[in-house]
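Single-letter residue listing:
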Amino acid sequence: MATLADRLKAVFRYRVGKYDANAIPQELGVYAQTVAGASVNESSALAISTVYACTYKIASTLASLNLEVYRKTGRNIQPDSAHPAYALVKDTPNSMMTSYEFWETIISHAVLNGCGYAIIERDGSGYGRRMLIVDYYDVDRMPAESEEGYIYRVRDYGMVQPENMLEICNLQRKSPIRLHRENLGLAKAAQDFGANYFGSDGQMTGILSSDQPLKKEQMDVIQQSWNRASGQAGTKLLPFGFKYSRISISPDEAQFIETRKFQAEEICRIFSVPPALVQLESQTTYNNVEQQNLMFARHTISPWAKRIEQEIDRKLLMANERPATYSKFNLNDLFRGDMQARATFYREMTQIGALSINEVRMKEEMNPVDGGDTHTVQVNQIALDRLGAYSDKISSDGTGQQ
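Computed from a predicted structure; not experimentally measured.

Student: Give me the pattern of salt bridges: which residues, what numbers.
Tutor: Enumeration according to the criterion identifies 13 salt bridges in this entry. Its salt-bridge partner being Arg178, residue Glu42 comes within 3.4 Å of it at the nearest N-O pair. Placement of the pair is Glu42 in the loop between helix 2 (24-27) and helix 3 (49-64) and Arg178 in helix 6 (residues 176-179), with a sequence separation of 136 residues. Judged by relative accessible area, which is 4%, Glu42 ranks as buried. With its nearest N and O atoms 3.1 Å apart, the salt bridge here joins Arg173 to Glu167. Residue Arg173 is classed as partly exposed on the basis of its relative accessible area, which comes to 37%.

Student: Hey, could you go over the packing of aromatic side chains for me, with residue numbers and the actual values?
Tutor: Throughout the structure, instances matching the rule amount to seven aromatic pairs. Ring plane angle 85 degrees and centroid distance 5.1 Å describe the contact between Tyr136 and Tyr137, whose orientation is recorded as edge-to-face. A residue is classified by how much of its surface remains accessible, and Tyr136, at 18% relative accessible area, is buried. Note on Tyr137: relative accessible area 46%, which makes it partly exposed.

Student: Tell me about the pairing of strand 2 (residues 76-79), and please be specific about residues and values.
Tutor: The pairing of strand 1 (residues 66-73) with strand 2 spans four bridges and is antiparallel. What sits directly across from Tyr70, in strand 2, is Pro79. Turn length for the strand 1-strand 2 hairpin, with the two strands adjacent in sequence and antiparallel, is two residues, and the turn residue Gly74 shows positive phi of about 65 degrees.

Student: Tell me about the sheet that holds strand 5 (residues 139-143), and name the residues and values.
Tutor: Whether parallel or antiparallel, the strands of a sheet pair through hydrogen bonds between backbone atoms. Read from one edge to the other, the open sheet built from three strands follows the order 5-6-7, with strand pairing classed as antiparallel. Both outer strands of the open sheet, strand 5 and strand 7 (158-160), are each paired with one neighbouring strand and no more. Averaged over neighbouring strand pairs, the angle between their axes works out to 30 degrees when direction is ignored. Of the pairings in the sheet, the one linking strand 6 (residues 150-154) to strand 7 comprises three bridges and is antiparallel in character. What sits directly across from Val154, in strand 7, is Gly158.

Student: Account for the sheet that holds strand 4 (residues 128-134), naming residues and giving values.
Tutor: Strand order in the open sheet formed by three strands is 4-3-8, and the pairing between neighbours is antiparallel. Sheet topology places strand 4 and strand 8 (165-169) at the edges, where each strand pairs with a single neighbour. Averaged over all adjacent pairs, the angle separating strand axes in this sheet is 25 degrees, with direction ignored. Bridge analysis of strand 3 (residues 115-122) against strand 8 gives five bridges, and the strand direction is antiparallel. Bridge assignment links Gly116 to a residue of strand 8, and that residue is Ile168. Lying on the sheet, helix 5 (residues 99-113) is in contact with strand 3, strand 4 and strand 8; it crosses strand 3 at an angle near 140 degrees.

Student: Tell me about a nonpolar patch on the surface, and name the residues and values.
Tutor: On the surface, Leu46, Tyr52, Tyr56 and Tyr100 cluster together to form a nonpolar patch covering roughly 390 Å² of accessible area. Along the chain, Tyr100 turns up in helix 5. Classification of Tyr100 by relative accessible area gives partly exposed; the value is 32%.

Student: Could you give an account of unusual backbone geometry, with specific residues and numbers?
Tutor: Put simply, Arg322 and Pro323 share a cis peptide bond, and its omega is 0 degrees. Position of Pro323 relative to the elements: it lies in the loop between helix 10 (286-316) and strand 11 (325-330). The phi dihedral of Arg173 falls on the positive side, at around 60 degrees, and the residue is not glycine. Its location among the elements puts Arg173 in the loop between strand 8 and helix 6. One non-glycine residue, Ser272, adopts positive backbone phi at about 60 degrees.

Student: Tell me what's going on with the layout of surface pockets, and back it up with residues and numbers.
Tutor: Considered as a void within the structure, the largest pocket measures approximately 1,400 Å³ in volume. The wall of the largest pocket is formed by 36 residues, among which Asn330, Leu331, Asn332, Asp333 and Lys363 lie closest to the centre. Breaking the lining of the largest pocket down by element, the ones donating at least two residues are strand 1, strand 2, helix 10, strand 11, helix 11 (339-351) and helix 12 (357-363). A per-class count over the lining of the largest pocket returns 19 nonpolar, seven polar and ten charged.

The rules behind these values
Residues numbered from 1 in each chain as written. Predicted model: local features only at pLDDT ≥ 70, side-chain atom pairs only at ≥ 80, totals over all residues. Heavy atoms only, no water. Salt bridge = Lys/Arg side-chain N within 4 Å of Asp/Glu carboxyl O. Helix = DSSP H or I, 4+ residues; strand = E, 2+ residues; numbered from the N terminus. Buried < 20%, exposed > 50% of the residue type's maximum accessible area, 1.4 Å probe, protein only. Phe/Tyr/Trp six-rings, centres within 6.5 Å; stacked < 30°, edge-to-face > 60°. Pairing = 2+ DSSP bridges. Axes fitted to C-alpha atoms, helices over the stretch in contact; angles between N-to-C directions. Contact = heavy atoms within 4.5 Å. Patch = residues over 30% accessible without salt bridge, like charges linked within 9 Å, V, L, I, M, F, W, Y side chains within 5 Å. Areas by Shrake-Rupley, 256 points an atom, 1.4 Å probe, with all protein chains shown as cover. 1 Å grid on protein atoms, 1.4 Å probe; cavity = no way out; pocket = protein on both sides within 12 Å on 5 of 7 lines; lining within 4 Å. Points joined across faces, edges and corners; volume = space filled by probe spheres on them. Nonpolar A, V, L, I, M, F, W, Y, C, P; charged D, E, K, R; others polar.

Encoded structure:
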């Protein structure tokens, strides 16, 4: 039987892995200062505006999408509103939260910490009846002793089996905040530098020097007098024989604006969010913003949606119900484009018979019209071998009768 020391060593190896000694503190959750001098963790990183904006953009976008459980019968696909998981993921995950708040919260946990957790409580039939979000730091994911896999220990709750834990994960379950602490530390240091500079009314550190020898009492009086005067606007007067030498650099010399902008772009790169979507770029046009929206939908939101869909299917649907029953985000809204682009799309889809008028109206949340369920095609789209006969018919029936 493994001793306590062996278990501690196993936990240490599991938490630290093959990382070098410099990475051990952050892997264990101990956050030392970065090289830039700023201390960064998942909570303090939200004080960096770009981190907050990227996290909010990903979480709020996914939470605002329509998420439903569908059932496929033959070639027909319909929302399965009778399934117990339907209301759980779409409307009421629990009595304390709306579905929007639930998904926004658990996804933001996953974006920042690497994992977001929710306990699934089940009814007597084995279906989930509610989902309770738990804080990332309250969950300890441990190897199971009796079998392969993992088990979860939740503070103030107890042990949770893996099938009862909804786990939304980032890449390799690792926090981007921990992996990119130095990048974020530089952004935080630049932010702190600006706050300190403007907080001291733009006064920069310097040295008062004199050619004459001074006693300690005299130096204290001069220093205190200068410090009091430095907090006030106006001309400063130096005593006779003194001179002031600046030893700090100005924000312009430090390339303050350029550094902050570059670090903001680095953070966007970390979270895979186009800069224009967090109001970062000043020179943007309609076309490139549209392209960035599409990039965000395809390369950021779609992978997150797939992770969530597969986890829902695995944990909230019975094995014998899959794959006929499945969950799916409706990503169509992300690709809708403007009114003119949608009108062109609908016109083309109705002309080839792929959509009926009422199906178009349903997508635009408009009431159906009589006769709108019929699928139609353009009459001039006919086979080439029938073109001659059709031409003769038009000539016979029209004004140019033969």
